[in-house]
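Observations on the three-dimensional arrangement
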Amino acid sequence: DTGVSQDPRHKITKRGQNVTFRCDPISEHNRLYWYRQTLGQGPEFLTYFQNEAQLEKSRLLSDRFSAERPKGSFSTLEIQRTEQGDSAMYLCASSPIVSGNTIYFGEGSWLTVV
Amino acid sequence: RKEVEQDPGPFNVPEGATVAFNCTYSNSASQSFFWYRQDCRKEPKLLMSVYSSGNEDGRFTAQLNRASQYISLLIRDSKLSDSATYLCVVNRDTDGLTFGKGTHLIIQP
């Protein structure tokens, strides 16, 4: 399977704990995106990388959230001191740099904070 | 005004009927437009890109009206398997895609 892969697929954590999600993009894709989706909403943009550079961050990305892509390949999204409002599906996507190109999503990582 | 607006539905449509969705976007600098399909608890998947001249892919037709800043999707001869949420998406080319909340379609036998 050469698509975008995410791990773990499901995570249940207690409020206050830290969680980390990993994303492996399609290998030839330079851009990597993180989105968050809650029930009844469309995906909301969090941040994106072009190679290893983090080029944009949404104001949704509070200081408890941090994303990295250290070698321009896989990326991690860490949420510190989780809150119940963080419960959502976290989607990773990738695309080539070509202007106007579409993005391809992974299957998502479901987070439930209890 | 939200960047991308869609009627959330649900649209309940009998099998075989034709159904159309519209979507409006606020940023006139938007450059690329797409329709994504999302099944329950699954990731969004690209349905089709939307071109200025309009484009068709089988039973699906997409139209773009830049002057009025809206995008449409038409589904002909709807199938039960078309039941899903359809997400309208725009791209300003400076960051990732901006998604609408989606329109929920239910095809009834």
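To be clear, the structure that these remarks concern was listed above.
A quick note: this is a predicted structure, and the numbers were derived from the prediction, not measured. (Residues numbered from 1 in each chain as written. Chains lettered and ligands numbered in written order. Predicted model: local features only at pLDDT ≥ 70, side-chain atom pairs only at ≥ 80, totals over all residues. Heavy atoms only, no water.)

**A look at the overall build of chain A**
Counted only if it meets this: Numbering goes from the N terminus for both helices and strands, where a helix is a DSSP run of H or I of at least four residues and a strand is a run of E of at least two. Only protein chains enter the accessibility calculation, which uses a 1.4 Å probe; a residue whose area is less than 20% of its type maximum is buried, one above 50% is exposed, and one in between is partly exposed. Note on definitions: a residue-residue contact is assigned when non-hydrogen atoms from the two residues lie within 4.5 Å. Residue exposure ignores everything except the shown protein chains as possible cover, and the areas themselves are Shrake-Rupley values with a 1.4 Å probe. The positive count covers Lys and Arg only, the negative count covers Asp and Glu only, and His and the chain ends enter neither. To locate a charge, take atom NZ for lysine, CZ for arginine, CG for aspartate or CD for glutamate.
Secondary structure assignment for chain A yields zero helices and eleven strands. Mapped from its N terminus to its C terminus, chain A presents α and β elements in the order β-β-β-β-β-β-β-β-β-β-β. Projected onto its principal axes, the C-alpha positions of chain A cover 40 × 25 × 25 Å. A total of 114 residues make up chain A; the buried ones form 46% of that total. Taking as baseline every contact in chain A between residues at least 6 positions apart, the subset at least 24 positions apart corresponds to 53%. Summing over all exposed atoms, chain A offers an accessible surface of approximately 5,800 Å²; the carbon and sulfur share of this is 44%. Of the charged side chains in chain A, 13 are positive and 13 negative; the average position of the first set lies 5 Å away from that of the second.

**So, the interface of chain B and chain A**
So the rule is basically this: When two components associate, each loses some accessible surface as probed by a 1.4 Å sphere; the sum of these losses over both components is called the buried area. Whenever Lys or Arg places a side-chain nitrogen within 4 Å of a carboxyl oxygen from Asp or Glu, that contact is recorded as a salt bridge. We define a polar contact as two N or O atoms separated by no more than 3.5 Å, with the added condition that, inside protein, one atom must be a possible hydrogen donor and the other a possible acceptor, whereas residues neighbouring each other in sequence contribute only through side-chain atom pairs. Each residue is assigned to one of three groups, with Ala, Val, Leu, Ile, Met, Phe, Trp, Tyr, Cys and Pro labelled nonpolar, Asp, Glu, Lys and Arg labelled charged, and all others, Gly among them, labelled polar.
Contact residues are listed per partner, giving 20 residues for chain B and 22 residues for chain A. Regarding the contact of chain B and chain A, the summed buried area is about 1,700 Å², with carbon and sulfur atoms giving 50% of it. Between the two partners, chain B and chain A, sit zero salt bridges. On the surface where chain B and chain A come into contact, there are three residue pairs in polar contact (both at pLDDT 80 or more). By residue number, the principal contributor to the side of chain B that touches chain A is strand β4 (residues 32-38) of chain B, which donates four residues. Class assignment for the residues of the side of chain B that touches chain A results in seven nonpolar, seven polar and six charged.

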